[in-house]
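Here is how the chains run, residue by residue.
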Amino acid sequence: MTALVVFESMYGSTAAIAEAVASGLADLRVPVTVCEVGLAGAPSLALRPSLLVVGAPTHQRGLSTARTRDVARADGTGTVSRGDGVREWLDQVVGLASGQATAVFDTAVAGRLAGSAAHTIGKRLTRAGAELVVPPESFTVTGRSSGLRPDELEKARSWGRSLALFAVAAASGAR
Ligand SMILES: Cc1cc2nc3c(=O)[nH]c(=O)nc-3n(C[C@H](O)[C@H](O)[C@H](O)COP(=O)(O)O)c2cc1C
């Protein structure tokens, strides 16, 4: 049994959520690897994790593009993801997604018009045959680069713990 958490992050909030989700999975003894999307590459899915978790920041109500990442980099407040994002990674891996147990999350500002990168990720993966084990989850930032709302890290850890059951179920189904 393994879980793989793949994330994109420009200012660090989505990276922090990814680590907190991984801590939650590890709390329930699921062996977990956390991987920045530019380092994940296509082989990450070929290894067939029991549970795949994918997270990204919401940009322009969906997934980032080269242009929105450039906007974030131009802020000069420090960049975690220096290359391609989840959008381009999905282009590489969707062919391997069939039957893959998956959970998706994003970070976004609060509000009705915020949009959701997680919904876009979820749609692309389910269209490719992946199984979303829980609905897309969202974690709230206080502004573009000002970090997470208090309590979001604990919420992420708790969400990670709730995902452990699905990793166990997927691993036993695969046996
Ligand atoms: C170019 C750009 C566009 C953005 N568009 C949205 C948006 O449409 N909705 C939203 O909720 N947040 C938007 N944001 C804010 C991001 O969601 C926020 O920067 C992100 O959650 C921070 O995560 P990170 O620290 O992992 O990069 C945008 C940020 C940038 C840089």
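Preceding this section is the structure that the text describes.
So, a few notes on the structure that sits alongside this text. (Residues numbered from 1 in each chain as written. Predicted model: local features only at pLDDT ≥ 70, side-chain atom pairs only at ≥ 80, totals over all residues.)

Turning our attention to the overall build of the protein. In terms of regular secondary structure, the protein is built from seven helices and six strands. For the protein, the α and β elements follow one another from N to C terminus as β-α-β-α-α-β-α-α-β-α-β-β-α. The globule rule puts the C-alpha radius of gyration for 175 residues at 16 Å, and the 15 Å found for the protein is close to it. In the protein, buried positions account for 47% of the 175 residues. (Helix = DSSP H or I, 4+ residues; strand = E, 2+ residues; numbered from the N terminus. Rg over C-alpha atoms; globule rule 2.2 N^0.38 Å. Buried ≥ 20, exposed ≤ 12 C-beta atoms within 10 Å, placed from the backbone.)

Moving on to the pairing of strand S2 (residues 32–36). Bridge count between strand S1 (residues 3–7) and S2: five bridges; the pairing is parallel. Note on S2: the bridge partner recorded for valine 5 is valine 34. For the handedness criterion, the β-α-β arrangement of S1, helix H1 (residues 13–27) and S2 is classed as right-handed. (Pairing = 2+ DSSP bridges. Right-handed = clockwise from strand over helix to strand, strands pointing away.)

Moving on to the nonpolar core. Core analysis: the largest hydrophobic core is formed by 52 residues, its most contacted members being Val5, Val21, Leu51 and Ile121. Sequence-distant contacts of leucine 51, defined by excluding residues within four places in its chain, comprise Ala3, Ala101, Ala103, Leu163, Phe166, Ala167 and Ala170. (Core = buried A, V, L, I, M, F, W, Y, C linked by C-beta atoms within 7 Å. Contact = placed C-beta atoms within 7 Å.)

Relative to the helices and strands, aspartate 91 is located in helix H5 (residues 86–93). Considered as a pair, aspartate 91 and glycine 78 are 13 residues apart in the sequence and their alpha carbons are 26 Å apart.

Attention now goes to H5. Helical periodicity: at 3.6 residues per turn, an α-helix aligns residues three or four positions apart in one direction. Every buried residue of H5 is listed here: Val86, Arg87, Trp89, Leu90 and Val93. One side of H5 carries all its buried residues, which in axial view fall inside an arc of 160°. Where H5 is buried, its residues touch S1, helix H2 (37–40), helix H3 (43–46), strand S3 (51–57) and helix H6 (117–127). (Arc of directions from axis to C-beta.)

Take the pairing of S3 next. In terms of burial, S3 is largely enclosed, as seven of its seven residues are buried. The alternating pattern of S3 places Leu51, Val53, Gly55 and Pro57 and Leu52, Val54 and Ala56 on opposite faces, both of which are buried. Across five bridges, S1 lies against S3 in parallel orientation. In the strand pairing of S3, phenylalanine 7 is matched with glycine 55.

Let us now look at H1. Taking 1.5 Å per residue as the helical rise, H1 with its 15 residues ought to reach 21 Å, and the 21 Å between its terminal C-alpha atoms agrees with that figure. With respect to burial, H1 is a largely interior element, 11 of its 15 residues being buried. For H1, the set of buried residues is Ser13, Thr14, Ala15, Ala16, Ile17, Ala18, Ala20, Val21, Ala22, Gly24 and Leu25. In the stretch just after H1, arginine 29 is the one whose phi turns positive, near 65°. (Expected span 1.5 Å × (residues − 1).)

Turning to the environment of methionine 1, a few remarks are in order. With respect to the element layout, methionine 1 can be found in the segment before S1. Each C-alpha atom, one on methionine 1 and one on serine 50, is 5.7 Å from the other, the two residues being 49 residues apart in sequence. For methionine 1, the residues in contact, after removing those within four places along its chain, are Val30, Pro31, Ser50, Ala167, Val168 and Ala171.

The next thing to look at is unusual backbone geometry. In this structure, arginine 29 takes a positive phi of about 65° despite not being glycine. One can find arginine 29 in the loop between H1 and S2. The phi torsion at arginine 61 lies on the positive side, around 70°, for a residue other than glycine. Within the secondary structure, arginine 61 is located in the loop between S3 and helix H4 (66–74).

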